[in-house]
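Each chain, written out:
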Amino acid sequence: MAGKIGNVLHYINGEFVEGASGNYFENVNPFTNEIINEVTEGWKEDIDAAVRAAKEAFDNGPWRTMSVQERMTYILRIADLIEKYAEEISYLESLDTGLPISQTKKQAARAAENFRFYAEMVKSRMVGEAYHVDGQFLNYTIYKPVGVAGLITPWNAPFMLETWKVAPALATGNTVVLKPAEWSPLTANKLAEIIHEAGLPQGVFNVVHGFGETAGASLVAHPDVRLISFTGETTTGSEIIKNSADTLKKTSMELGGKSPVIVFADADVEKALDAVVWGIFSFNGERCTANSRLFLEKSIYDSFVEKLKERVNNISIGDPMDPATEVGPLIHRKHWETVMNYIEIAKQEGAEVYSADVPEELKKGNFVPPTLLLNCHNSMKVAQEEIFGPVMAVMPFETEEEVIRMANDVKYGLAAYVWTNDIKRGHRVAQSIESGMAWVNSQNVRDLRIPFGGTKYSGIGREGGHYSFDFYTEVQVIHVSIGDHSIPKFGKIKQHSAASAQRG
Ligand code: NAD
């Protein structure tokens, strides 16, 4: 698999093309901090060209008008090709992001599933409503694609998150302009190659690489883009909402998190331990639903922390390409600095910092040691802000009421995890947490049919299942008269109003 990786170009109107400016930016390997390749830098001109192609394909192309069966044949072909290239996709993803290969393999498989799932959903679940109204009317609803969909994605699970948006957007008949994260362009480029090979009509799918403030912002501002589906930081989401206001776009916001995991003393402690460790250290801690705040009932605090320390010491830190690696390097040196800075802040705030050792030979990479911030207080910066690395704040609690209050005392509301063998308490606590999603006695496992998303500063709207249809389609109602209903007869007979009678 290893070998020189070519430079990355945009994919516009069915062709791989250099950006109008001719500028390129460097793409860096997080394991070595050496340059992998260069990426063409998109600006407004490139976004304009991609949107023009997507609009032409939407307005005049066959994509939205072809039979569902035919469109789904393309969608299923994309799924087949993702499976065919799964090994290459996971290799590129690990090379680009530092995510361990054992984890990117699962993401590639999941990406193929995203296309299969939406092919099936469009056929079976895109159903409207019909009302027979007093024998006078038939009212029915239909779902129509919105138009050109702008999709903006982050670097933490790029291929999975891109396909999670691209699959429902295309399956419902929209055309797409994807702006992937600048730190992880490789698998977005592979997706363009796959879609090209699948033979989709020109302009249906386009990719423009580049930076958020230029390429991303131009996509958001473009008047012919009808919706923006965004996954990324809360502050970026808020900026995008403001910038999309002038052109009244539909937006879907999947944003940051600082999710609590609560372990009661009556829980299955070994299982809770597995879930807590996996939930914060998988994906190198760069997971939006990571359980980055651990609340332990006081009576098990010491024993649980001892077990956590043991696990942290045993975690395999290493080369993302090694199948045994559990934690790899963070995406970029800049992000590494941010996360390391949070560990310093934790010390200044008085937390006890417990970190694994990063072997000397790995130090050229962006490795942050798996870290526990012990005896935190909920008001500390490190217990309130999203760190987005392998770092977990740990806090004791005494009562159910207290832990619910602490869990909710944060601006985010993405996920929550509750561990208890008291079934009533499990439901009660999960329902009391202000989060879009909660798991009882489980780590984050998801079925594609259910909604995904957050509340508070973690997002607006839901994606997944039929919720994606609400976003990627417009519902239109058709009112048909089937009876002989009366219609007001304005202007048929000249009426004299009281005022004109007086004047007369
Ligand atoms: P980011 O917000 O920095 O960037 C995300 C994307 O937005 C990139 O493609 C970037 O180029 C683009 N962008 C930046 N500024 C823009 C602007 N002004 N206009 C348009 N586009 C712009 O996020 P990131 O650092 O890439 O990703 C990490 C964040 O993503 C974390 O906060 C994480 O929690 C969040 N995330 C959320 C979910 C979820 O489903 N809720 C999933 C994964 C990641």
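These numbers were taken from a predicted model, which means no experiment stands behind them.

Caption draft 1: Main features of the overall build of the chain. Counting its secondary structure elements, the chain contains 16 helices and 22 strands. Relative to its length of 504 residues, the chain is compact, with a C-alpha radius of gyration of 26 Å against a globular reference of 23 Å. With respect to the principal axes defined by its C-alpha atoms, the chain has extents near 95 × 55 × 45 Å. The buried share among the 504 residues of the chain stands at 56%. Considering only intrachain contacts with a sequence separation of at least 6, the fraction spanning at least 24 residues in the chain is 74%. Carbon and sulfur atoms make up 51% of the accessible area of the chain, which amounts to about 21,900 Å² in all.

Caption draft 2: Quick look at helix α6 (residues 186–197). Between its terminal C-alpha atoms α6 stretches 17 Å, which fits the 16 Å expected from twelve residues at 1.5 Å a residue. Counting buried residues in α6 gives nine out of twelve residues, a clear majority hidden from the surface. Of all the residues in α6, the buried ones are L186, T187, A188, N189, K190, L191, A192, I194 and I195. One or two steps after α6, the chain reaches G199, where phi turns positive at roughly 80°.

Caption draft 3: Spatial organisation of the pattern of salt bridges. Throughout the structure, instances matching the rule amount to 22 salt bridges. Two residues, D274 and R311, come together in a salt bridge whose shortest N-O distance is 2.6 Å. Linking D274 in helix α9 (residues 269–281) with R311 in helix α10 (residues 298–314), this pair joins segments that are 37 residues apart in sequence. The partly exposed category is assigned to D274, whose relative accessible area is 40%. Assessed through its relative accessible area of 26%, R311 is described here as partly exposed. For E385, the salt bridge is made with K381, and the minimal N-O distance between the two is 3.4 Å. Residue class for K381 comes out partly exposed when judged on its relative accessible area of 36%. A cluster of three or more residues bridged by salt bridges with shared partners is formed by E270, D274, K307 and R311.

Caption draft 4: The arrangement of the site of the ligand in detail. As a structural note, the neighbourhood of the ligand is formed by 29 residues, with K179, E182, T236, L255 and E386 the closest of them. In the model, an oxygen atom of the ligand is placed 2.8 Å from a nitrogen or oxygen of the T153 main chain. The fraction of the free accessible surface of the ligand (850 Å²) that becomes covered by protein chains is 92%. Residue assignment for the shell around the ligand shows that the elements contributing at least two residues are α7 (212–221), β10 (225–231) and α8 (234–243). Each residue belonging to the shell around the ligand can be placed in one class, and the counts come to 15 nonpolar, eight polar and six charged.

Caption draft 5: Layout of the nonpolar core. Membership of the largest hydrophobic core comes to 92 residues, with the highest contact counts inside it found for L170, F205, V263, L294 and F304. Residue contacts for L294: discarding those within four places in its chain leaves V261, V263, V276, F304, L308, M392, A393, V394 and M395. With 31 residues, the next largest nonpolar core counts L330, V368, L373 and A407 among its residues.

Caption draft 6: Local environment of the pairing of strand β11 (residues 250–254). Direction of pairing for β10 relative to β11: parallel, over a ladder of five bridges. Of the residues in β11, the one forming a bridge with F230 is M253. Sheet analysis places β11 next to strand β21 (residues 459–460), joined by two bridges and oriented antiparallel. Residue pairing for β21: M253 is matched across the bridge by I460.

Caption draft 7: Local environment of the side chain of T172. Position of T172 relative to the elements: it lies in the loop between α5 (158–171) and β8 (175–179). A distance of 2.6 Å separates the side chain of T172 from the backbone oxygen of P168, its partner in a polar contact. T172 has contacts with R71, V122, M126, P145, F469, Y472 and T473, leaving out every residue within four places of it along the chain.

Caption draft 8: Summary view of the sheet that holds strand β22 (residues 473–481). Strand order in this open sheet of three strands is β5-β6-β22, and the pairing throughout is antiparallel. At either end of the open sheet lies a strand with only one pairing partner, and these are β5 (130–133) and β22. In this sheet, adjacent strand axes meet at a mean angle of 20° when their direction is disregarded. The pairing of strand β6 (residues 137–145) with β22 spans nine bridges and is classified as antiparallel. Bridging across to β22, T141 finds its partner in V477.

Caption draft 9: Representation of the sheet that holds strand β14 (residues 352–355) in the model. Across the sheet, seven strands lie side by side as β14-β15-β16-β13-β12-β18-β19; this open sheet has mixed pairing. The strands lining the two open edges of the sheet, one partner per strand, are β14 and β19 (437–440). Adjacent strand axes in the sheet meet at a mean angle of 20°, parallel and antiparallel pairs treated alike. Of the pairings in the sheet, the one linking strand β13 (residues 293–297) to strand β16 (residues 391–397) comprises five bridges and is parallel in character. By the bridge assignment, L296 is partnered in β16 with P396. α9 rests against β12 (260–263), β13, β15 (371–374), β16 and β18 (415–419) of the sheet, and its axis sits at about 140° to β16. This element, helix α11 (residues 333–349), spans β14, β15 and β16 of the sheet and lies at about 140° to β14.

Conventions adopted
- Residues numbered from 1 in each chain as written.
- Predicted model: local features only at pLDDT ≥ 70, side-chain atom pairs only at ≥ 80, totals over all residues.
- Heavy atoms only, no water.
- Helix = DSSP H or I, 4+ residues; strand = E, 2+ residues; numbered from the N terminus.
- Rg over C-alpha atoms; globule rule 2.2 N^0.38 Å.
- Buried < 20%, exposed > 50% of the residue type's maximum accessible area, 1.4 Å probe, protein only.
- Contact = heavy atoms within 4.5 Å.
- Areas by Shrake-Rupley, 256 points an atom, 1.4 Å probe, with all protein chains shown as cover.
- Expected span 1.5 Å × (residues − 1).
- Salt bridge = Lys/Arg side-chain N within 4 Å of Asp/Glu carboxyl O.
- Near = heavy atom within 4 Å.
- Polar contact = N/O pair within 3.5 Å; in protein donor to acceptor, adjacent residues only side chain to side chain.
- Nonpolar A, V, L, I, M, F, W, Y, C, P; charged D, E, K, R; others polar.
- Core = buried A, V, L, I, M, F, W, Y, C linked by side-chain atoms within 4.5 Å.
- Pairing = 2+ DSSP bridges.
- Axes fitted to C-alpha atoms, helices over the stretch in contact; angles between N-to-C directions.

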